[in-house]
Amino acid sequence: MEKIDELNSSSKSEDDSEKSDLTFKIIVLGDPGVGKSSLSGRAAKNIFNAEYNTTIGFEFLTFFVKIEDKNVKLQIWDTCGQETYKSLISNFYRNASLAMLIYSIDNKDSFNNINKWLKEIKLQSNPDIKVVLIGNKADLENKRQVTYEEGQKFKEENDIIFFKEASAKSGINAKEIFYDAAKNLYDECISFFFKAKASNLTKLNESSFNSSKLKSFYEPGNKRKKCC
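Residues numbered from 1 in each chain as written. Predicted model: local features only at pLDDT ≥ 70, side-chain atom pairs only at ≥ 80, totals over all residues. Heavy atoms only, no water.

**Student:** Looking at this structure, how should I read helix α1 (residues 36-45)?
**Tutor:** Along an α-helix, residues three or four apart share an orientation, since each turn contains 3.6 residues. Counting buried positions along α1 yields 7 of 10 residues, so the element is predominantly enclosed. Residues of α1 that are buried include every one of K36, L39, S40, G41, R42, A43 and A44, and no others. Directly beyond the C-terminal end of α1, a positive phi value near 55 degrees is found at N46. (Buried < 20%, exposed > 50% of the residue type's maximum accessible area, 1.4 Å probe, protein only. Helix = DSSP H or I, 4+ residues; strand = E, 2+ residues; numbered from the N terminus.)

**Student:** Hey, could you run me through the pairing of strand β6 (residues 130-136) in this one?
**Tutor:** Along a regular strand, successive side chains alternate from one face of the sheet to the other. Here β6 lies mainly inside the structure; 7 of its 7 residues are buried. Burial along β6 is two-sided: K130, V132, I134 and N136 and V131, L133 and G135, pointing in opposite directions, are all buried. Of the pairings in the sheet, the one linking strand β5 (residues 98-104) to β6 comprises 7 bridges and is parallel in character. The residue of β6 that forms the bridge with A99 is V131. As defined by bridge partners, β6 adjoins strand β7 (residues 162-165) across 4 bridges and the pair is classed as parallel. The residue of β7 that forms the bridge with I134 is K164. As for the winding sense of the linkage, the β-α-β connection from β6 through helix α5 (residues 148-157) to β7 is right-handed. (Pairing = 2+ DSSP bridges. Right-handed = clockwise from strand over helix to strand, strands pointing away.)

**Student:** Can you help me understand the packing of aromatic side chains in this one?
**Tutor:** Pairs of aromatic rings are described using the distance from one ring centre to the other and the angle between the two planes. Per the counting criterion, the structure on display carries 4 aromatic pairs. Taking the centre distance of 6.0 Å and the plane angle of 65 degrees together, the rings of F111 and F154 count as edge-to-face. Of this pair, F111 sits in helix α3 (residues 108-112) while F154 sits in helix α5, and the two are 43 residues apart along the sequence. Ring centres of Y148 and F163 lie 5.0 Å apart, and the angle between their planes is 50 degrees; this geometry places the pair in the tilted category. Taken together, the residues span a long stretch of sequence, with Y148 in helix α5 and F163 in strand β7 at a distance of 15 residues. Members of the aromatic cluster, each reached through a chain of ring pairs, are Y103, F111 and F154. In this structure, K164 is placed above the aromatic ring of F162, and the distance from its NZ or CZ to the ring centre is 6.0 Å. (Phe/Tyr/Trp six-rings, centres within 6.5 Å; stacked < 30°, edge-to-face > 60°. Lys NZ or Arg CZ within 6 Å of the ring centre and 35° of its normal.)

**Student:** I would appreciate a short explanation of the confidence of the model for the chain in the present structure.
**Tutor:** Close reading of the predicted structure is inappropriate where its pLDDT is low. On average, residues of the chain score 76 in pLDDT, and 65% of them are at 70 or above. Segment residues 1-17 is flagged for pLDDT under 50; beyond a separation of four residues in sequence, or across chains, it makes 30 contacts in the model. Segment residues 204-228 is flagged for pLDDT under 50; beyond a separation of four residues in sequence, or across chains, it makes 69 contacts in the model. (pLDDT = per-residue confidence, 0-100. Contact = heavy atoms within 4.5 Å.)

Structure representation (structure tokens):
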């Protein structure tokens with residue numbers, strides 16, 4: 001049975017979500033125990049729970065980041081890494097704008113399995129989905145099994161937009177990786193809009209960004225529009 005935990009990093013109600021200018025869905029993938037939920041929780045709520053609780057099915061949380069003068073809403077879908085729930089969570093890949101692949105720097109197997117998760121993304125997701133690679137538990141330097149160079153090499157060989165190491169426990173790069181992911185999506189979204197406008201297109205291709213309202217995003221007088 002699926003489990004959905006909805007968290008919001010601010011005191012805003014669901015009605016306030018309409019105030020977002022853009023919304024992006026991000027899925028978080030990786031083996032069990034690499035700290036996917038912990039990393040998302042640290043970014044969204046600035047909390048860290050040292051007690052490990054296995055995610056069943058998937059968990060969902062939202063939070064906002066400010067990019068330029070825009071309020072960007074991130075919908076984070078934290079998927080479990082268990083094969084038992086593979087058929088359940090595969091349905092959520094299709095509408096994602098970005099996939100965050102996470103391994104633990106103290107677990108070489110979790111790094112080796114990134115290939116498996118990358119293949120899953122390519123099989124289940126929109127062909128235009130972006131992928132980032134995160135080496136979690138950077139605070140465990142004395143237990144490191146995966147070098148920074150190995151992560152960087154994997155990034156360069158697999159068309160991944162960026163690679164960073166982070167730590168949910170210490171907070172190192174926890175917020176930054178989600179902001180950088182949002183900024184990359186935002187920049188390409190705006191670039192797509194202006195290219196479409198310059199080409200005098202009368203209808204935007206919504207599948208490019210899972211977006212239905214880009215046409216009005218930058219029209220005069222429209223300060224806050226929801227992207228998807």
